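# Secondary and tertiary structure notes
Take a look at the letters that make up each chain.
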Amino acid sequence: MEKAINLFKYIRLQILDILFPENCLGCGKQSETICEICVLKIPQAERETESNIIAIYDYRDPLIKKAIWNLKYYHRLNIGHKLGKLLYENTIEEISDIRTYTIGKPILVIPTPISKKKMRNRGYNQAEVIAKGFINSSEKGIFELRNDVVYKKFETKPQARISNRVDRLNNIKNTFGMYKGEFIKGRTVIVIDDVTTTGGTLNEIMKVLRQNGVKKVVGFVIAH
């Protein structure tokens, strides 16, 4: 029943996106969520992340912050699709390298899961919306979306509300578990999220995946 309700919410939001075209978040031009001119003005991520995490944009940029905020809290799903497309276009070289680990099988794409409570309230997982935009921008057969592998075991305090690095890492420690494990042994995985700060969330997910036999795993995020 809960899955059906969330699916209904997601479909309703998709229909609203189609019926009411959005203006560019940056310049206001009626074209798409972020026009190509504004995309070119977004600064690339320069701050260092963990070695196995790739971020494409700087979260301090007002447009990127506004885009992610609107996706997460104002149900602007088209923004997530656009961000996913941009994520793919900015990581093509890394994807090419990753594919050498996964000959003959698609790369598994796992969106960072959110808690059941957030899923009930929001009706969708913003990381999954980005992941779908990412996959839909590629050739068929390269990726396989899997949202049934990793789950969040319990609700945690939002990472954005915690300023201390150590407290952030402790807040997310041992938060994630696995639904399924056998079929991912020897596979290559990309974990997708919207924002990373300390890398704690992604590294916790990666740890669980490695413990269950994943051959290669990296994190792709929109901003850092």
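In case you missed it, the structure is sitting above this.
Residues numbered from 1 in each chain as written. Predicted model: local features only at pLDDT ≥ 70, side-chain atom pairs only at ≥ 80, totals over all residues. Heavy atoms only, no water.

## Quick notes on the packing of aromatic side chains
- Scanning the model with the defined rule gives six aromatic pairs in all.
- Here F134 and F143 contribute two aromatic rings whose centre-to-centre distance is 4.9 Å and whose plane-to-plane angle is 45°, an arrangement assigned as tilted.
- Among the residues examined, F134 registers a relative accessible area of 0% and is labelled buried.
- In this structure an aromatic cluster arises from ring pairing among Y88, F134, F143 and F220. (Phe/Tyr/Trp six-rings, centres within 6.5 Å; stacked < 30°, edge-to-face > 60°. Buried < 20%, exposed > 50% of the residue type's maximum accessible area, 1.4 Å probe, protein only.)

## Quick look at the packing of helix α4 (residues 77-89) against helix α7 (residues 126-136)
- The interhelical angle for the contact between α4 and α7, taken along N-to-C directions, is 50°, at an axis separation of 7 Å. One finds that α4 runs oblique with respect to α7. The hand of the α4/α7 crossing is right-handed. Only V129, I130, G133 and F134 of α7 make contact with α4, whose side of the interface consists of L77, G80, H81, L83, G84, K85, L87 and Y88.
- Across the contact of α4 with α7, the residue classes break down as seven nonpolar, four polar and one charged. (Axes fitted to C-alpha atoms, helices over the stretch in contact; angles between N-to-C directions. Helix = DSSP H or I, 4+ residues; strand = E, 2+ residues; numbered from the N terminus. Parallel < 35°, antiparallel > 145°, perpendicular 65-115°, else oblique. Left-handed = near helix turned anticlockwise from the far one by under 90°. Contact = heavy atoms within 4.5 Å. Nonpolar A, V, L, I, M, F, W, Y, C, P; charged D, E, K, R; others polar.)

## So, the nonpolar core
- Residues L83, F134, F143, I190, I192, F220 and I222 are the most contacted members of the largest nonpolar core, which totals 38 residues.
- Top contributing element to this core by residue count: α4, with six residues.
- Excluding anything up to four places from it in sequence, L83 contacts I34, I64, I68, L71, I130 and I222. (Core = buried A, V, L, I, M, F, W, Y, C linked by side-chain atoms within 4.5 Å.)

## Comments concerning the side chain of R122
- Here R122 shows up in helix α6 (residues 116-122).
- The side chain of R122 is buried and forms no salt bridge, while D194, the nearest opposite charge, is found at 6.6 Å.
- Only 2.4 Å separates the side chain of R122 from the side chain of Q126, close enough to count as a polar contact.
- Not counting residues within four places of it along the chain, the set of residues in contact with R122 comprises K72, Y73, H75 and I114. (Lys, Arg positive; Asp, Glu negative; His and termini not counted. Salt bridge = Lys/Arg side-chain N within 4 Å of Asp/Glu carboxyl O. Polar contact = N/O pair within 3.5 Å; in protein donor to acceptor, adjacent residues only side chain to side chain.)

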